[in-house]
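# Architecture and fold: a report
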Amino acid sequence: MSDEEHHFESKADAGASKTFPQQAGTIRKNGYIVIKNRPCKVVEVSTSKTGKHGHAKCHFVGIDIFTAKKLEDIVPSSHNCDVPHVNRTDYQLIDISEDGFMSLLTESGDTKDDLRLPTDESLLKQIKDGFAEGKDLVVSVMSAMGEEQICALKDIGPK
């Protein structure tokens, strides 16, 4: 054929690996589902009977895990839905910068400086107050579909 070599760069960031397919009829309450391209926690599932044209339908009500908005979707129970890969990671808080970013310590000893303070008022107050008092704080970061947000805070005692 030809003598030249072809080099392909694989860029696996098309959003495909951020979710996996799961049959709609097997998704339960407290699970996760993608509704309108947003990762959601399922708070309500109802299944309708098979109708004249054959498919039972699942009605999902979900809460967006980052914005807390309520989203709904209706899918035939035999069809596949996207389910986000949701990870929770704990980091130790090192510093809070003036511009609203936090400096966090990872398990491997590296620092992570690309995470903003949370928008949730009570969590924000807890973090700022605890940090001002010199407490050792561990924040839980939830990540899904390329987004990250602080969802919880633990106090592991004074420094």
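Residues numbered from 1 in each chain as written. Predicted model: local features only at pLDDT ≥ 70, side-chain atom pairs only at ≥ 80, totals over all residues. Heavy atoms only, no water.

### Points about the pairing of strand β5 (residues 70-76)
- Pairing of strand β4 (residues 57-64) with β5 involves seven bridges; the strand directions are antiparallel. Across the sheet, H59 pairs through a bridge with I74, a residue of β5. (Pairing = 2+ DSSP bridges. Helix = DSSP H or I, 4+ residues; strand = E, 2+ residues; numbered from the N terminus.)

### Considering the nonpolar core
- Among the nonpolar cores identified, the biggest contains 14 residues, and L93, M102, L104, I127, V139 and I150 are the most heavily contacted of them.
- Taken together, the elements giving at least two residues each to this core come down to β7 (87-96), β8 (101-105), α1 (121-132) and β10 (135-144).
- Discounting chain neighbours no more than four positions away, the residues touching L104 are Y91, Q92, L93, I94, D110, T111, K112, D113, L115 and V139.
- I33, V42, V75 and C81 belong to the second largest nonpolar core, which has twelve residues in total. (Core = buried A, V, L, I, M, F, W, Y, C linked by side-chain atoms within 4.5 Å. Buried < 20%, exposed > 50% of the residue type's maximum accessible area, 1.4 Å probe, protein only. Contact = heavy atoms within 4.5 Å.)

### Examining a negative patch on the surface
- Where like charges cluster on the molecular surface, the negative patch consists of D95, E98, D99 and D113.
- Looking at the element boundaries, D113 is found in strand β9 (residues 111-116). (Patch = residues over 30% accessible without salt bridge, like charges linked within 9 Å, V, L, I, M, F, W, Y side chains within 5 Å. Areas by Shrake-Rupley, 256 points an atom, 1.4 Å probe, with all protein chains shown as cover. Salt bridge = Lys/Arg side-chain N within 4 Å of Asp/Glu carboxyl O. Lys, Arg positive; Asp, Glu negative; His and termini not counted. Charge placed at Lys NZ, Arg CZ, Asp CG, Glu CD.)

### Points about α1
- In a regular helix each residue adds 1.5 Å, so twelve residues correspond to 16 Å; α1 covers 16 Å between its end C-alpha atoms and thus fits that length.
- Taken as a whole, α1 has its buried residues at L123, L124, I127 and G130. Viewed end-on, α1 has its buried residues packed into an arc of 145°, placing them on one side of the element. Exposed and facing more than 90 degrees away from the buried side of α1 are E121, K125 and A132.
- Two residues or fewer after α1 comes G134, characterised by a positive phi angle close to 80°. (Expected span 1.5 Å × (residues − 1). Arc of directions from axis to C-beta.)

### Digging into unusual backbone geometry
- We note that K36 has phi near 50°; this positive angle belongs to a residue other than glycine.
- Looking at the secondary structure, you find K36 in the loop between β2 (32-35) and β3 (38-47).
- With a relative accessible area of 61%, K36 lands in the exposed category.
- With a phi angle near 60°, N37 is a residue other than glycine that sits in the positive phi range.

### Details of the pairing of β3
- Pairing of β2 with β3 involves four bridges; the strand directions are antiparallel. Paired with Y32 across the two strands is K41, which belongs to β3.
- In textbook terms, the turn of a hairpin is the stretch between consecutive antiparallel strands, and for β2 and β3 this stretch comprises two residues, one of which, K36, has a positive phi near 50°.
- The pairing of β3 with β4 spans seven bridges and is antiparallel. Looking at β4, one finds that V42 is bridged to G62.

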